[in-house]
Amino acid sequence: GQKSAMSSATEIGPAKRSPTEFLKLVTGRPVVVKLNTGVDYRGVLACLDGYMNIAMEQTEEYVNGQLKNKYGDAFIRGNNVLYISTVSMKKR
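Quantities reported herein were computed from a predicted structural model and do not represent experimental measurements.

Draft legend 1. Local environment of the overall build of the protein chain. Helix and strand content of the protein chain: 2 helices and 6 strands. Secondary structure of the protein chain in N-to-C order comes out as α-α-β-β-β-β-β-β. Across the protein chain, every contact between residues at least 6 apart in sequence was considered, and the portion connecting residues at least 24 apart equals 36%. Accessible surface, the protein chain: about 6,900 Å² in total, of which carbon and sulfur atoms supply 53%.

So, in structure tokens, the structure goes:
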């Protein structure tokens, strides 16, 4: 009785994914990084740390949905980041 109850409480179903696992999966893939200011950066996620500091490649800056700048590599400080999302490739 006791042992089976313990193991079922700690089991995580396949549908649940930790933020760390998500970030490992999207590293090297196209992402959108939204800042607190409302500016979007789109590019390839090179790496990031525990503070959400982000290094990106082939970075494009969008303001109100319009392309404003193109950068090669870019570094974004984590305290400015609202969210990171994957890019659906259909938009390209």
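Draft legend 2. Quick peek at the nonpolar core. Of all hydrophobic cores here, the largest spans 13 residues; its most connected members are Val33, Ile54 and Ile76. At the level of secondary structure, the elements contributing two or more residues to this core comprise helix H2 (19–26), strand E1 (30–35), strand E2 (40–48), strand E3 (54–63) and strand E6 (81–86). When residues of this core are assigned to their parent elements, the largest contribution, 3 residues, is made by E1. Not counting the four nearest positions on each side in its chain, isoleucine 76 is found in contact with Val33, Leu35, Tyr41, Met52, Asn53, Ile54, Met56 and Val81.

Draft legend 3. Just the pattern of salt bridges, in detail. Evaluated as defined, the whole model comprises 3 salt bridges. Residue lysine 34 is joined to aspartate 40 by a salt bridge in which the shortest nitrogen-to-oxygen separation is 3.3 Å. Judged by its relative accessible area of 12%, aspartate 40 is buried. Between aspartate 40 and arginine 42 there is a salt bridge, with its nearest N and O atoms 3.6 Å apart. A single network of salt bridges, built from pairs that share partners, joins Lys34, Asp40 and Arg42.

Draft legend 4. How the structure looks around the pairing of E3. Two elements, E2 and E3, share 7 bridges in a ladder whose sense is antiparallel. By the bridge assignment for E3, leucine 48 is matched with isoleucine 54. Counting the residues between successive antiparallel strands, the hairpin from E2 to E3 contains 5 residues, one of them, methionine 52, with a positive phi of roughly 70°. Pairing of E3 with strand E5 (residues 74–76) involves 3 bridges; the strand directions are antiparallel. Residue isoleucine 54 lies in a different strand from E5, and its bridge partner there is isoleucine 76. Taking the residues that link successive antiparallel strands as the turn, the E3-strand E4 (residues 66–70) hairpin has 2 residues, and the phi of asparagine 64 there is positive, at about 50°.

Draft legend 5. Quick peek at the side chain of glutamate 61. Locating glutamate 61 in the fold gives a position in strand E3. No salt bridge is formed by the buried glutamate 61, whose closest oppositely charged neighbour, lysine 68, lies at an N-O distance of 8.4 Å. At 2.6 Å, the side chain of glutamate 61 and the side chain of tyrosine 41 are in polar contact.

About the criteria used
Residues numbered from 1 in each chain as written. Predicted model: local features only at pLDDT ≥ 70, side-chain atom pairs only at ≥ 80, totals over all residues. Heavy atoms only, no water. Helix = DSSP H or I, 4+ residues; strand = E, 2+ residues; numbered from the N terminus. Contact = heavy atoms within 4.5 Å. Areas by Shrake-Rupley, 256 points an atom, 1.4 Å probe, with all protein chains shown as cover. Core = buried A, V, L, I, M, F, W, Y, C linked by side-chain atoms within 4.5 Å. Buried < 20%, exposed > 50% of the residue type's maximum accessible area, 1.4 Å probe, protein only. Salt bridge = Lys/Arg side-chain N within 4 Å of Asp/Glu carboxyl O. Pairing = 2+ DSSP bridges. Lys, Arg positive; Asp, Glu negative; His and termini not counted. Polar contact = N/O pair within 3.5 Å; in protein donor to acceptor, adjacent residues only side chain to side chain.

Honestly, it's all geometry; don't read function into it.
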